[in-house]
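Here is how the chains run, residue by residue.
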Amino acid sequence: MTGRAAPAVLPPPPRVWLGLVAALAALVVVVLGVRYAGHSRPGTVDARISAAVDGAGPPWRQAALAMDFLGEPVGAATLVAAVVTGCLLLRRPRAAVLVVAGVAVTVGTATLLKHLVGRTIHGDNLSYPSGHTAFFTALALVGALLATGRPVLGRTAGPSLVLAAALVAGAAMGWAQVALGAHYPTDVLGGWCTALAVIPATAWLVDRTADRTADRTADAGRRRKRR
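Sequence order sets the numbering: in each chain, residues are counted from 1 along the sequence as written. Totals for whole chains, interfaces and linings use all residues, but because this is a predicted model, local features are given only for residues with pLDDT of at least 70 and pairs of side-chain atoms are given and counted only at 80 or more. Side-chain descriptors were evaluated using all non-hydrogen atoms of the structure, hydrogens and water having been removed beforehand.

(A) Region of the structure containing the overall build of the protein. Helix and strand counts for the protein come out as eight helices and two strands. The numbering of helices and of strands both runs from the N terminus, where a helix is a DSSP run of H or I of at least 4 residues and a strand a run of E of at least 2. Going from the N terminus to the C terminus, the protein shows its helices and strands as α-α-α-α-α-β-β-α-α-α. The burial tally for the protein puts 43% of its 227 residues in the buried class. Surface accessibility in these figures is a Shrake-Rupley result with a 1.4 Å probe; residues are shielded only by whichever protein chains are displayed. In the form shown here, the protein has an accessible surface area of approximately 11,900 Å², with 66% of it arising from carbon and sulfur atoms. Relative accessibility thresholds used throughout: buried, under 20% of the residue-type maximum; exposed, over 50%; partly exposed, between the two (1.4 Å probe, protein chains only).

Okay, here's the thing in structure tokens:
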């Protein structure tokens, strides 16, 4: 992290409303976790949505499997490496840090929640929240935040891009998980909200840490000059 000379990963325009979204998303994660704690069956909404998604033909199943691969260790690592490389090529070191830290914290939070909630699918497979959906949404959010720092985007376009990226990524991976029977729809919603809650907080911490480090370095430099 290179200090205040590096662009912030959480620009001022979307900062306030993203904080509100993160708080609401965290509330949804908690409410759903309490509602389905210890359950091993789909809820009413889960059953209806799953019935509508089920029965996709071979082409759609192949698309779902391709999406699912992007959330598996090899696919996820490849995506993260590609995005980090892009951030470094664009000279956005804070964004590179956010990719690694944000994805790690999001996936770690989802994994912890799975053990705390204890909801299962297909036997003893922990399902809430969906880690695949959380991961893919988190990566999309980081990419959108990187784009919002560009001056060509206005105060309205930037936040709209962040929201659209989260919706598209969450819907795509969520559909794949439900279509493949890997998760209940409410697991997908929980994973999506987990990313929405974690990424803004992590981005704020990355900026704050980088700024404090830069300030301390600048102060130390001024003291050396005075000597």
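(B) View of the pattern of salt bridges. Any carboxyl oxygen of Asp or Glu within 4 Å of a side-chain nitrogen of Lys or Arg constitutes a salt bridge here. Tallied over the full model, the rule gives four salt bridges. Between Arg119 and Asp46 there is a salt bridge whose closest N-O contact spans 2.8 Å. Here the residue Arg119 occupies a position in the loop between α5 (93-117) and β1 (120-121), and Asp46 occupies one in helix α2 (residues 44-53), the gap between them amounting to 73 residues. What makes Asp46 buried here is its relative accessible area of 0%. Because the salt bridges share partners, they merge into one network encompassing Asp46, Arg119 and Asp187.

(C) Broad picture of the packing of aromatic side chains. Stacked, tilted and edge-to-face pairs are distinguished by plane angle, under 30 degrees for stacked and over 60 for edge-to-face with tilted covering the rest, among Phe, Tyr and Trp rings (Trp via its six-membered ring) whose centres lie within 6.5 Å. Summed over the entire model, instances satisfying the criterion amount to one aromatic pair. Taking the centre distance of 5.9 Å and the plane angle of 80° together, the rings of Trp60 and Trp175 count as edge-to-face. Note that Trp60 is positioned in helix α3 (residues 58-71) and Trp175 in helix α7 (residues 157-179), a separation of 115 residues in sequence. Against the face of Tyr36 rests Arg35, its NZ or CZ located 4.7 Å from the ring centre. By definition here, charges over rings are those cases where NZ of Lys or CZ of Arg is within 6 Å of the ring centre and within 35 degrees of the ring normal. Here Arg119 stacks its cationic end above the ring of Tyr36, 4.0 Å away from the centre of that ring.

(D) The arrangement of the nonpolar core in detail. Residues belong to one nonpolar core when they are buried, are Ala, Val, Leu, Ile, Met, Phe, Trp, Tyr or Cys, and are joined through side-chain atoms within 4.5 Å. Formed by 45 residues in total, the largest nonpolar core has its most connected members in Val80, Leu98, Val99, Phe135, Leu141 and Leu145. Among the elements that line this core, the one with the most residues is helix α6 (residues 131-148), at nine residues. Not counting residues within four places of it along the chain, the set of residues in contact with Val99 comprises Val80, Val83, Val84, Cys87, Leu139 and Val142. Contact between two residues is taken to exist if any of their heavy atoms lie within 4.5 Å; hydrogens are not considered.

(E) Focus on the environment of Thr85. Along the chain, the position of Thr85 falls in helix α4 (residues 73-89). A relative accessible area of 42% places Thr85 in the partly exposed class. As for Thr85 and Ala96, which are separated by eleven residues in sequence, their C-alpha atoms are 7.7 Å apart. Polar contacts, as counted here, are pairs of nitrogen or oxygen atoms within 3.5 Å of one another; within protein the pair requires one atom able to donate a hydrogen and one able to accept it, and residues that are adjacent in sequence qualify only if both atoms are side-chain atoms. One polar contact links the side chain of Thr85 to the main-chain carbonyl oxygen of Ala81, over a distance of 2.8 Å.

(F) View of the side chain of Thr133. With respect to the helices and strands, Thr133 occurs in helix α6. Polar side-chain contacts of Thr133 include one of 2.9 Å to the side chain of Ser130. Setting aside residues up to four positions removed in sequence, Thr133 forms contacts with Gly170, Met173, Gly174, Gln177, Val188, Gly191 and Trp192.

(G) Spatial organisation of unusual backbone geometry. Cis geometry is found at the peptide bond from Tyr128 to Pro129, where omega equals -5°. Tracing the sequence through the fold places Pro129 in the loop between β2 (125-126) and α6. Although it is not a glycine, Arg91 sits at a positive phi angle of roughly 60°. Here Arg91 is to be found in the loop between α4 and α5. One non-glycine residue, His122, lies in positive phi territory at about 55°. Relative to the helices and strands, His122 is located in the loop between β1 and β2.

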